[in-house]
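Coordinates in review
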Amino acid sequence: MVITIELTNRQELILKIVQEEGPITGEQIAEKLNLTRATLRPDLSILTMAGYLEARPRVGYYYSGKKGNQLLKEMLNKMTVKDYKAVPVVIKEDTSVYDAIVTMFLEDVGTLYVVKERGTLAGIVSRKDLLKAAIGKQSLQDLPISVIMTRMPNIITCQIDDLLIEAANKLIQYQIDSIPVVKPLDNGEGLEVIGRITKTTIAKAFVELGKEKEV
Ligand code: ADP
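Residues numbered from 1 in each chain as written. Predicted model: local features only at pLDDT ≥ 70, side-chain atom pairs only at ≥ 80, totals over all residues. Heavy atoms only, no water.

1. Remarks on the pairing of strand β1 (residues 53-56)
- In the sheet, β1 pairs with strand β2 (residues 60-63) via four bridges, with the strands oriented antiparallel. Each bridged residue has a counterpart across the sheet, and for R56 the counterpart in β2 is G60. (Pairing = 2+ DSSP bridges. Helix = DSSP H or I, 4+ residues; strand = E, 2+ residues; numbered from the N terminus.)

2. Some remarks on the sheet that holds strand β4 (residues 111-115)
- With mixed pairing, four strands are arranged side by side in an open sheet as β3-β4-β5-β6. Looking at which strands have only one partner, the edges of the open sheet turn out to be β3 (90-92) and β6 (150-151).
- Sitting on the sheet, helix α6 (residues 97-107) touches β3, β4 and β5 (121-126), and the angle it makes with β4 is about 130°.
- Of the strands in this sheet, β5 and β6 touch helix α7 (residues 127-134), which is tilted by about 75° from β5. (Contact = heavy atoms within 4.5 Å. Axes fitted to C-alpha atoms, helices over the stretch in contact; angles between N-to-C directions.)

3. Here we look at the site of the ligand
- Contacts to the ligand come from 14 residues, most closely from S126, D129, T150, I156 and D177.
- Within the side chain of K128, a nitrogen or oxygen atom sits 2.9 Å from an oxygen atom of the ligand.
- Measuring from a nitrogen atom of the ligand, one finds a backbone N or O atom of S178 at 3.0 Å.
- Taken together, the elements giving at least two residues each to the shell around the ligand come down to β5, α7 and β7 (178-184).
- With three residues, α7 is the single largest residue contributor to the shell around the ligand.
- A breakdown of the residues in the shell around the ligand according to their chemical character gives five nonpolar, five polar and four charged. (Near = heavy atom within 4 Å. Polar contact = N/O pair within 3.5 Å; in protein donor to acceptor, adjacent residues only side chain to side chain. Nonpolar A, V, L, I, M, F, W, Y, C, P; charged D, E, K, R; others polar.)

4. Topic: the UniProt feature "domain: CBS" (unreviewed entry) in the chain
- On the UniProt side, "domain: CBS" (unreviewed entry) is annotated at positions that read residues 79-143 and 149-215 here.
- Between the C-alpha atoms that bound residues 79-143 there is a distance of 40 Å. The span itself is 35% helix and 22% strand. (UniProt positions renumbered as here; feature names shortened; annotations may be inferred.)

5. A look at unusual backbone geometry
- Between G22 and P23 the backbone carries a cis peptide bond, its omega angle lying at 0°.
- Mapped onto the elements, P23 comes out in the loop between α1 (9-21) and α2 (26-32).
- Cis geometry marks the peptide bond from M152 to P153, where omega comes out at 5°.
- Along the chain, P153 turns up in the loop between β6 and α9 (164-173).
- With a phi angle near 55°, D108 is a residue other than glycine that sits in the positive phi range.
- Here D108 is to be found in the loop between α6 and β4.
- Positive phi outside glycine occurs at Q175, with the angle close to 50°.
- Mapped onto the secondary structure, Q175 falls in the loop between α9 and β7.

6. Focus: a nonpolar patch on the surface
- Taken together, Y98, V102 and L106 make up a surface patch of nonpolar side chains, about 310 Å² in accessible area.
- Within the secondary structure, Y98 is located in helix α6.
- Relative accessible area serves as the criterion here: at 39%, Y98 is assigned to the partly exposed category. (Patch = residues over 30% accessible without salt bridge, like charges linked within 9 Å, V, L, I, M, F, W, Y side chains within 5 Å. Areas by Shrake-Rupley, 256 points an atom, 1.4 Å probe, with all protein chains shown as cover. Salt bridge = Lys/Arg side-chain N within 4 Å of Asp/Glu carboxyl O. Buried < 20%, exposed > 50% of the residue type's maximum accessible area, 1.4 Å probe, protein only.)

Okay, here's the thing in structure tokens:
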């Protein structure tokens, strides 16, 4: 049995907007119609339940008639570093290797960012950098992290408006686990560390792509 649903004018309008501009969020549709998100909620539910629209968290509503490949591309093109970045875990240049190891355990991360005064990026240390130092002969309490870190300008970074897929590409290309999200300071005096993108970030975003819920 095929049930056809009579769409209201407003629902037709929503459908047209999503067809032309989707993926688009409920918030953005509401803005275009000069309505609130709450007013639109029943319409969006009906259109989604009836199969006209589909929804992906953080990406938006899209018209279900679109081909899979095109759809995936459009979804990936809406996922930016800004929406997925995690809080960076930073230490100062004069931190000892011993304290860096403790920080890595306490913060439960695999990579630490080393910053100068004012939070600008100086270097990065991974688990293996710390392991390497730990099997050396030096006292870890006396060894500053700046001696063993990978330092600027040899650090791969990304910025908030980059696409998440670009950051993921860098993780693969450079065989690293983590990329600092940075903001160049206006005076040209370095890169302020404002976030991090890791393999975990990408795995989370990947799982989210597979979920359907109201957006
Ligand atoms: P692990 O050492 O645990 O395998 P990574 O693969 O991330 O972790 O690190 C490999 C090497 O690359 C380390 O020496 C680390 O200092 C360096 N590294 C990690 N992240 C970056 C980055 N974003 N840019 C440049 N070098 C990095």
